[in-house]
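# Chain and residue survey
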Amino acid sequence: MPRYYSTRSIMLMVVLTLILLMLPPVLPPLPPPPLCLLFVPVMIMSVLVMLALSPSFQDQMLCCMAPLL
């Protein structure tokens, strides 16, 4: 059975996990971000959904390019 992770990488992941678990109780709470920054992920997601649902023009381009080939 192949070893996917070395001992060094496992130790690094354990240390990073412990740091992520210990930092939130130690750090002071941050103020909320500005309202305009909260809309950035919403805008990115809406653009991705529009691109996913938009029709593909690849077939039309192949039909137009076929006589040229």
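Just so we're clear, the structure is a prediction, and the values are computed from it rather than from any experiment.

Let us look at the overall build of the protein chain. In terms of helices and strands, the protein chain carries three helices and zero strands. Along the protein chain, helices (α) and strands (β) appear in the sequence α-α-α when read from the amino end. By residue count, 0% of the 69 residues in the protein chain fall in the buried class. Approximately 7,200 Å² of the protein chain is accessible, and the part contributed by carbon and sulfur atoms is 80%.

What follows is about the confidence of the model for the protein chain. Looking at the protein chain, pLDDT values average 85 and 80% of them are 70 or higher. At the low end of the mean pLDDT range in the protein chain sits helix α3 (residues 58-65), at 61; at the high end sits helix α2 (residues 35-53), at 94.

Definitions and cut-offs
- Residues numbered from 1 in each chain as written.
- Predicted model: local features only at pLDDT ≥ 70, side-chain atom pairs only at ≥ 80, totals over all residues.
- Heavy atoms only, no water.
- Helix = DSSP H or I, 4+ residues; strand = E, 2+ residues; numbered from the N terminus.
- Buried < 20%, exposed > 50% of the residue type's maximum accessible area, 1.4 Å probe, protein only.
- Areas by Shrake-Rupley, 256 points an atom, 1.4 Å probe, with all protein chains shown as cover.
- pLDDT = per-residue confidence, 0-100.

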